[in-house]
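Chain residues, written in single-letter form:
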Amino acid sequence: MTNYLETLHDGYGQFFKIDKMLHEVRTEHQHLVIFENAKMGRVMALDGAIQTTEADEFIYHEMLTHVPILAHGAVRSVLIIGGGDGGMLREVCRHAEIEHITMVEIDQAVVDMCKEYLPHHSQGAYDDPRVNLVIDDGMRFIANCTQQFDVIISDCPDPTGPAEVLFSEDFYHACHRCLTDDGILVAQNGTPFLQLDEVKTTAKNIQGLFADAHFYHAAIPTYIGGSMTFAWAAKNPQIRQQPLSTLEQRFAASAISTRYYNAAIHQAAFALPQYVLHAIGQLNKH
Ligand code: SAM
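Residues numbered from 1 in each chain as written. Predicted model: local features only at pLDDT ≥ 70, side-chain atom pairs only at ≥ 80, totals over all residues. Heavy atoms only, no water.

Undergrad: Which residues make up the overall build of the protein chain, and what values go with them?
TA: For the protein chain, the count of helices and strands is ten helices and 13 strands. What you see for the protein chain is a C-alpha radius of gyration of 18 Å, in line with the 19 Å of a compact globule of 286 residues. Its C-alpha atoms give the protein chain principal-axis dimensions of about 55 × 45 × 35 Å. Looking at the protein chain as a whole, 58% of its 286 residues are labelled buried. A separation of at least 24 residues holds for 67% of the contacts in the protein chain among residues at least 6 apart in sequence. Element-wise, carbon and sulfur atoms account for 51% of the exposed surface of the protein chain, whose accessible area totals about 12100 Å². (Helix = DSSP H or I, 4+ residues; strand = E, 2+ residues; numbered from the N terminus. Rg over C-alpha atoms; globule rule 2.2 N^0.38 Å. Buried < 20%, exposed > 50% of the residue type's maximum accessible area, 1.4 Å probe, protein only. Contact = heavy atoms within 4.5 Å. Areas by Shrake-Rupley, 256 points an atom, 1.4 Å probe, with all protein chains shown as cover.)

See the structure below:
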């Protein structure tokens, strides 16, 4: 039995024993592998980077959905860019008050193969009547988009291959244009201990453009290097300042049961370590 060696970082990485290979294909866009691992459950990787595992996906998907949605408090329309495994869509669909969900995924094969081999990720979310799945490049979609959304979630891989454009200045400007007045963009932004440049570059791109540009974090074991940062780019600076009591009320009213997210974690997630504050030019600003 062979191992899957992650090649995301030079000279440092993780491996997963492939207990059972489920699917491997070179799609039009990337190399897709899905396999079983006794410890982490079913695992999906793209171009040598682990994308998601059944064991810990809940942390990532809960933090990139419930934080912006409950901070906003009146979300009716959401755009997900990427997210082909379906986990992000599943968590967004749990909010009954949301009326429209558009998901723009570049690779139909990722959607199809994850529906088949990672069914616990989407759990039928693609059949939700509020969902509009678009197979397209997220950058092309947002550049030509004339709609506005209350929340945009960029659930993309690291800035390599087809995902590179989703970390560009043009992408953030287009997202800003496609957000409502209280709109929020959140985006996966790597583990700063190993990918600090990713945070620095995103900070430069969103500061000045958005009234409130910050980051929050959570530790997802399979995204190695410690906590992963999520970019927070909001048009209304008040939204990130919701008191804990408001977040608790909204979380209770949502009637959503979670395994990671709660109101205290939500609020604490925005407290960043000094080296990250320094990297984003916010040291000594409180
Ligand atoms: N949690 C993962 C992470 O943090 O790296 C991301 C998981 S999700 C599977 C990433 C998705 O983004 C993949 O399905 C990939 O096909 C999609 N993707 C990559 N580039 C894209 C682009 N330019 N437009 C839309 N989707 C893209």
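Picking up where we left off.
Undergrad: Which residues make up the sheet that holds strand β6 (residues 49-53), and what values go with them?
TA: Strand order in the open sheet formed by four strands is β3-β4-β5-β6, and the pairing between neighbours is antiparallel. The open sheet is flanked by β3 (20-26) and β6, the only strands paired with a single partner. Neighbour-to-neighbour, the strand axes of the sheet open up by a mean angle of 20 degrees, direction not taken into account. Relative to strand β4 (residues 31-37), β3 is paired through six bridges, and the arrangement is antiparallel. For Glu 24, the partnering residue across the bridge sits in β4 and is Val 33. Contacts from helix α3 (residues 108-117) reach β3, β4 and β5 (41-46) within the one sheet, and its direction differs from that of β4 by about 15 degrees. (Pairing = 2+ DSSP bridges. Axes fitted to C-alpha atoms, helices over the stretch in contact; angles between N-to-C directions.)

Undergrad: Could you give an account of helix α6 (residues 169-177), naming the residues involved and the relevant values?
TA: Residues of α6 that are buried include every one of Phe 171, Tyr 172, Ala 174 and Cys 175, and no others. The buried residues of α6 occupy an angular sector of 160 degrees when projected down its axis, which confines them to one face. Those residues of α6 that are buried lie in contact with β7 (77-82), α5 (138-144), β10 (149-155), β11 (179-188) and α7 (192-206). (Arc of directions from axis to C-beta.)

Undergrad: So what's going on with the site of the ligand? Which residues, and what values?
TA: Residues in close proximity to the ligand total 27 residues, the closest being Gln 30, Glu 105, Gly 138, Pro 162 and Tyr 223. Backbone polar atom of Gly 84 to an oxygen atom of the ligand: 3.4 Å apart, as the coordinates give it. Contact distances for the ligand include 3.4 Å between a nitrogen atom and a backbone N or O atom of Ala 163. Surface burial for the ligand is 100%, taken as the share of its 600 Å² of free accessible area covered by protein chains. (Near = heavy atom within 4 Å. Polar contact = N/O pair within 3.5 Å; in protein donor to acceptor, adjacent residues only side chain to side chain.)

Undergrad: Any chance you could break down the state of the cysteines for me, citing the residues and the numbers?
TA: In the structure shown here, the tally under the stated rule is zero disulfides. Sulfur of Cys 93: no disulfide; nearest cysteine sulfur belongs to Cys 114 and is 16 Å away. Cys 145 forms no disulfide, and the closest cysteine sulfur to it belongs to Cys 178, at a distance of 3.9 Å. (Disulfide = S-S within 2.5 Å.)

Undergrad: Before we move on, could you go through the sheet that holds β10 and cite the residues and values that matter?
TA: Neighbouring strands of a sheet are bound in pairs by backbone hydrogen bonds; such pairs are parallel or else antiparallel. Pairing is mixed in the open sheet, where seven strands are placed in the order β9-β8-β7-β10-β11-β13-β12. Sheet topology places β9 (131-135) and β12 (212-219) at the edges, where each strand pairs with a single neighbour. Averaged over neighbouring strand pairs, the angle between their axes works out to 15 degrees when direction is ignored. Note: β10 against β11, five bridges, orientation parallel. Bridge pairing in β11 links Val 151 to Ile 184. Across the sheet, α6 is in contact with β7, β10 and β11; its angle to β11 comes to roughly 145 degrees.

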